[in-house]
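Read off the chains here:
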Amino acid sequence: MHRAITAKTEVVHHRCSVKLFQWEMHSDQECKPMTFIQVTKSRQQTTAASSRTLKTRCSEMQMIRSVLSAGEPTALIQREVLTLSDEERRALLDKAGILSTIEIGAAETLAIKAGLAIPWNKLRLLRRWLKSSGICLAGEERMRQISCQIVGDNLKGEIAPFSFSLPSGGEEVKGSPLVYIPHLVDMVVHLLDENERAGLLTWHDGYIPASEVWLKIGGDKGGGTFKMNFQIVNVAAPNSVHNTCVFCCFEAGDSVTNLHVALDRFKDQVEHLHGMKWRHYTVKVFICGDYEFLSKIYGLSGASGCYPCLFCIIGTDEMATPLSIRGYATRRTLETMCSDHQHYVAAGSIKRDAQKFFNSISLPIFNIPVSQVCPPGLHITLGIFTKLFHLLEAACHQLDLELALHTTDFTGPSSSFSKYSQELQNLSFLQAELEKAQQSHEELQNMATYMALVNGEKSPLAVKLLKQSAAKMKSVKALKAKVAKGIATVKKGFSEKEGPFVKQLDSALQLIGVQRQQYFGGAFVGNHVHKALKLPNVKTLCTAISQMAQEKLPHRSGEVAENMKNFINLFSLFGKCHNISDQNFIDEPQIHALDQAIQEFMAFFRDTFPTATVPIKMHLVEDHAIQWAAAYHVGYGLLGEQGAESIHAKFTRLSLAFVSIKDRVKQLQCIVKEHLLSIEPRMVAAIPPPTKKQKT
C-alpha cells in the first residue's frame, strides 16, 4: 500500500515538473518553488471519527500549518482563532473544554474592591455577575483577614472636642469624629518596607542624596474633612493619590485650636521620624501645605499679619522695595519663633500687639526646621496669576466705563451695563437741562427785580415775570430731584462681568480652553494657569481687547494696544519664572536663569504698576525661590502640596460608598481604612496599567 502511494506521488510530481518546465520555456516570469503535501481524503466527519483517526488528522494538519507558516504553526493557529467572531470563539473554547473557571486571588480581589471604592455589599453583587461568566472572586473571609493584616489595630476612631464658628459670631465646642493612625512611625516604616520589597524606591538620578530618604508631611481641608497625610518622596510619582497616606482625619475646620486637638498627639512621633534611621538611610522630613496651613502649623498670624513671611522677618511695607535695594531680611528659625512667642505671652497675648513680636502668636506644632518647609508652589502660581489677571480685568473695566459714555444702541439684551450706560447718558442730559433752567430762572428773577424797581412791584410786567420765575423755580427743583436720583443710580455702577470688554476677555479665555471656577469667585485651576501662561495664549487674550478697542473706542485704540503689550510682557515674564512650581529637578545653569527671570518679572511689575501692592506670594518668589532651589535643586512641585489637594476627590467617592453607615465615627473609619488599603504597594501593583491610545 505504501509503495503504491509513493509511486502515485512520484508520477504526480513528474507530471507537474514537466508542466512547470514547459511553462517556464514559454514565459518570462520566474517560477517560485512549490512544496507538495499529501492530504488524505476524509470519508467520515471529524465529530464521528475515532481517536486514532483524529490523531492522524491532527498530525497531518500540523504538518500543513508548519509548511504554510514557514515553521510557525502556533502563530497561524492564533490568527485562525482571531478570524472567528466572539460568539464562535467562545463556543469553540467551550466545546473544547478550554473555557474553565478563572479564579482571582484574595489580594487581587481586595485590590479591585479598594481601587473601585465599593463596599462589601457591592462586591458581593459583582461577584455574582462575574461568576455567571466563569470568573470567581476570592472569598470574603480571606479578604477580611488580609485587610486586618494590612491595617491591624493601627486605626482608631473617637469623638473629639472641636471648635466650630457660630453664624451669629463666636465659637462653640462640640464633639465631632476623629480618625487617626496612633502609630505613625510604624506606618511609615511599613510603607517603606513594602515599597523597597516591590522595587519602587528611587533616588531620582542622585538629586536625593544616596544616604537619605525624604518624607513630606502636609494637610488640607476639603469635602467637609481635614486630612493630615504623608508621602514618601523616593518613588517615581510622589504626588500620586496612591502614594498619599492620610494618617489623621476629622470633620471640623482647620483652626489653630482644632489642629492642636488633632495633631499634638503626633508631635513626638514626627520629631522621631526626622533624622530616624531606616535600614542604612536617614529619614529627612519636609512640611508642605497651603500658606494658611503652614502659618498655623508654625504659629504665625498668617498672610494678613504685619510680618506675614514664614521664612524671614519682613514687614508688608518693606516688600514693595526691590530685593536689590533692601537686601535679604533676617531668617526665621524655630528658636526665634519660640522666643518671640514667649515674649508675646509675657506681654499678655494681646492679638492687636502681635506685630511687636513678629506675629508669633502660638508655638509651632511640629519642630521641623523652617528650612525644610516647602513654599506652596501651586498656590503661589495661582495667587500671582490671579492678581495679574485682576489687573487686566481692571483695565478692561475702565474701558467699559468709558464705553458707557459713547454707547447709543440700547436695543440689545438688557444688562446692568446697558442700563448703566443709558442712565449715565440720561444723567448727562438732565444736568444740561438743569443748567439751562437755572440760567433761565436767574434771568427771569433779575428782569422781575428790575421791572419792580422801575415800574413798581404791582406793575403787570413785573407780576408776569415773577410768576414765570416761580414756575421756572419749580422746574429747577424737579430737575434737581431727577439729577440726584440719577447720580445715586450711576454711583451703584454695573456688574464688572457684564461690561463688553470684560465679556470679551472671558470669551478669549474660553477660546484658549481656560475655564474659571464658577462657585469659587472665578478662581483658576493649576493646569489652566499653565495653559494660559503660554505666549500664544497670552497674545490671544490681549489681542482680543485691542481689536475690540479699535471697533468700540477708535480714539483710544493706540493707547489700549500699548497697554496690552505691557500685559503680554508681564504674563510672559511670569511664565518664565513660574516653573519653580514644577516638580522637575534644577541644575545650576537653570537656577541662574530662574534668578534672572524673577528679577526681570518683579522689576517690570513694579515699573508698570507702581501703585499695585506686592503680596506675600510674590515675596516668596522674589526672596525665597532661589534659596530653595539652591538648597535642594528641585522645584516646589516635588515637595509641595499637590498630593494633599488631590486626595479630597478620592475621599468624596469613598464617602458615597459608605453613606449607609449611620455611626459617623465608624463611617469615617471605614473610609480611612479603605483608603489605607488602596495605597498599599501590593494593592497598587495589582492595578493593571491603562492602555495607551494608538495615534491615528
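These figures come from a predicted structure and were not determined experimentally.

1. Some details on the overall build of the protein chain
Scanning the protein chain for helices and strands turns up 26 helices and nine strands. The buried share among the 696 residues of the protein chain stands at 41%. Of all intrachain contacts in the protein chain linking residues separated by at least 6 positions in sequence, the fraction that spans at least 24 positions is 67%. Only carbon and sulfur atoms are counted for the fraction: they give 55% of the accessible area of the protein chain, which is about 39,000 Å².

2. Here's the deal with empty space enclosed by the protein
In the structure shown here, the tally under the stated rule is two cavities of 30 Å³ or more. In this structure, the largest cavity spans a volume of roughly 40 Å³. If you trace the largest cavity, you find it lined by Ile-150, Val-151, Met-187, Leu-191, Leu-676, Ile-679 and Glu-680. Where the lining of the largest cavity is concerned, the elements lending two or more residues are helix H7 (140-151) and helix H8 (184-197). Taken together, the residues of the lining of the largest cavity break down into six nonpolar, no polar and one charged. What the second largest cavity holds in volume is close to 30 Å³. For the lining of the second largest cavity, the class distribution of residues is five nonpolar, three polar and no charged.

3. With respect to the environment of Leu-620
One can find Leu-620 in helix H22 (residues 616-632). Judged by its relative accessible area of 0%, Leu-620 falls in the buried class. The sequence separation of Leu-620 and Gly-377 amounts to 243 residues, and the corresponding C-alpha distance is 9.5 Å.

4. Observations concerning the sheet that holds strand E5 (residues 212-222)
The sheet built from seven strands is open, its strands ordered E3-E4-E7-E6-E5-E9-E8 with mixed pairing. Since the sheet does not close on itself, it has two edges, and those belong to strand E3 (156-165) and strand E8 (277-278), each with one partner. The sheet contact formed by E3 and strand E4 (residues 171-180) spans ten bridges and is antiparallel. Paired with Gly-157 across the two strands is Val-179, which belongs to E4. On top of the sheet, H8 reaches E5, strand E6 (225-232), strand E7 (244-250) and E8; it is set at about 45 degrees to E6, its chief contact.

5. Quick notes on helix H25 (residues 664-678)
A rise of 1.5 Å per residue sets the reference length of H25, with its 15 residues, at 21 Å; its end C-alpha atoms lie 21 Å apart and thus fit the reference within 8%. Residues of H25 that are buried include every one of Val-665, Gln-667, Leu-668, Ile-671, Val-672, Glu-674, His-675, Leu-676, Leu-677 and Ser-678, and no others. The backbone nitrogen of Val-665 lies 3.0 Å from a side-chain oxygen of the residue at the head of H25, namely Asp-663.

6. Some points on the layout of surface pockets
By volume, the largest pocket is sized at about 720 Å³. Broken down by secondary-structure element, the contributors of at least two residues to the lining of the largest pocket are helix H14 (377-406), helix H18 (526-532) and helix H24 (642-657). For the lining of the largest pocket, the element with the highest residue contribution is H14, accounting for seven residues. Considered class by class, the residues forming the lining of the largest pocket number six nonpolar, 14 polar and three charged.

7. Examining the state of the cysteines
Going through the model one piece at a time under the given rule, you end up with zero disulfides. The thiol of Cys-542 is unpaired, and the distance to the nearest cysteine sulfur, on Cys-396, comes to 8.5 Å.

8. Here's the deal with the packing of aromatic side chains
Overall, the coordinates contain 23 aromatic pairs when judged by the stated rule. With centroids separated by 6.1 Å and ring planes inclined at 40 degrees, the aromatic side chains of Phe-605 and Phe-609 adopt a geometry described as tilted. Of the aromatic side chains, those joined through ring pairs into one cluster are Trp-214, Phe-286, Trp-628, Tyr-632 and Tyr-636. Here the basic side chain of Arg-144 rests over the ring of Trp-120, its NZ or CZ set 4.1 Å away from the ring centre. The ring of Tyr-180 carries the charged tip of Arg-265 above its face, separated from the ring centre by 4.5 Å.

9. Quick notes on the environment of Leu-399
Along the polypeptide, Leu-399 turns up in helix H14. The exposure class of Leu-399 is buried, given its relative accessible area of 4%. When the C-alpha atoms of Leu-399 and Pro-500 are compared, they prove to be 8.9 Å apart, with 101 residues separating the residues in sequence.

10. Describing the packing of helix H17 (residues 500-511) against helix H19 (residues 535-552)
Running from N to C, H17 and H19 point in directions that differ by 145 degrees, and their axes come no closer than 9 Å. Between H17 and H19 lies a crossing of right-handed hand. Contact residues: H17 offers Pro-500, Phe-501, Gln-504, Leu-505, Ala-508, Leu-509 and Leu-511, while H19 offers Thr-540, Leu-541, Ala-544, Ile-545, Met-548, Ala-549 and Lys-552. Classifying every residue of the contact of H17 with H19 by side-chain character gives eleven nonpolar, two polar and one charged.

11. Some details on the confidence of the model for the protein chain
Across the protein chain, pLDDT averages 84, with 88% of residues at or above 70. Confidence, read as mean pLDDT per element, is least for helix H1 (residues 2-25) in the protein chain (56) and greatest for strand E9 (residues 281-289) (95). Note that pLDDT drops below 50 for residues 1-5; the model gives that stretch one contact with residues more than four away or on any other chain.

12. Quick look at helix H21 (residues 588-608)
Relative to the 30 Å expected for 21 residues at 1.5 Å per residue, H21 spans 30 Å between its end C-alpha atoms, a close match to the ideal helical length. Those residues of H21 that fall on the buried side of the exposure criterion are Ile-591, Leu-594, Ala-597, Ile-598, Phe-601, Met-602, Phe-605 and Arg-606. On an axial view of H21, the arc spanned by its buried residues comes to 155 degrees, and they lie on one face. The outward face of H21, more than 90 degrees from its buried face, is lined by the exposed residues Pro-589, His-592 and Asp-607.

13. Description of the environment of Asn-229
Looking at the element boundaries, Asn-229 is found in strand E6. For the pair Asn-229 and Gly-219, spaced ten residues apart in the sequence, the C-alpha separation amounts to 6.0 Å. When residues no more than four places from it in sequence are discounted, the contact partners of Asn-229 are Lys-216, Ile-217, Gly-218, Gly-219, Thr-244, Cys-245, Val-246, Phe-247 and Ala-644.

The rules behind each value
Residues numbered from 1 in each chain as written. Predicted model: local features only at pLDDT ≥ 70, side-chain atom pairs only at ≥ 80, totals over all residues. Heavy atoms only, no water. Helix = DSSP H or I, 4+ residues; strand = E, 2+ residues; numbered from the N terminus. Buried < 20%, exposed > 50% of the residue type's maximum accessible area, 1.4 Å probe, protein only. Contact = heavy atoms within 4.5 Å. Areas by Shrake-Rupley, 256 points an atom, 1.4 Å probe, with all protein chains shown as cover. 1 Å grid on protein atoms, 1.4 Å probe; cavity = no way out; pocket = protein on both sides within 12 Å on 5 of 7 lines; lining within 4 Å. Points joined across faces, edges and corners; volume = space filled by probe spheres on them. Nonpolar A, V, L, I, M, F, W, Y, C, P; charged D, E, K, R; others polar. Pairing = 2+ DSSP bridges. Axes fitted to C-alpha atoms, helices over the stretch in contact; angles between N-to-C directions. Expected span 1.5 Å × (residues − 1). Polar contact = N/O pair within 3.5 Å; in protein donor to acceptor, adjacent residues only side chain to side chain. Disulfide = S-S within 2.5 Å. Phe/Tyr/Trp six-rings, centres within 6.5 Å; stacked < 30°, edge-to-face > 60°. Lys NZ or Arg CZ within 6 Å of the ring centre and 35° of its normal. Left-handed = near helix turned anticlockwise from the far one by under 90°. pLDDT = per-residue confidence, 0-100. Arc of directions from axis to C-beta.

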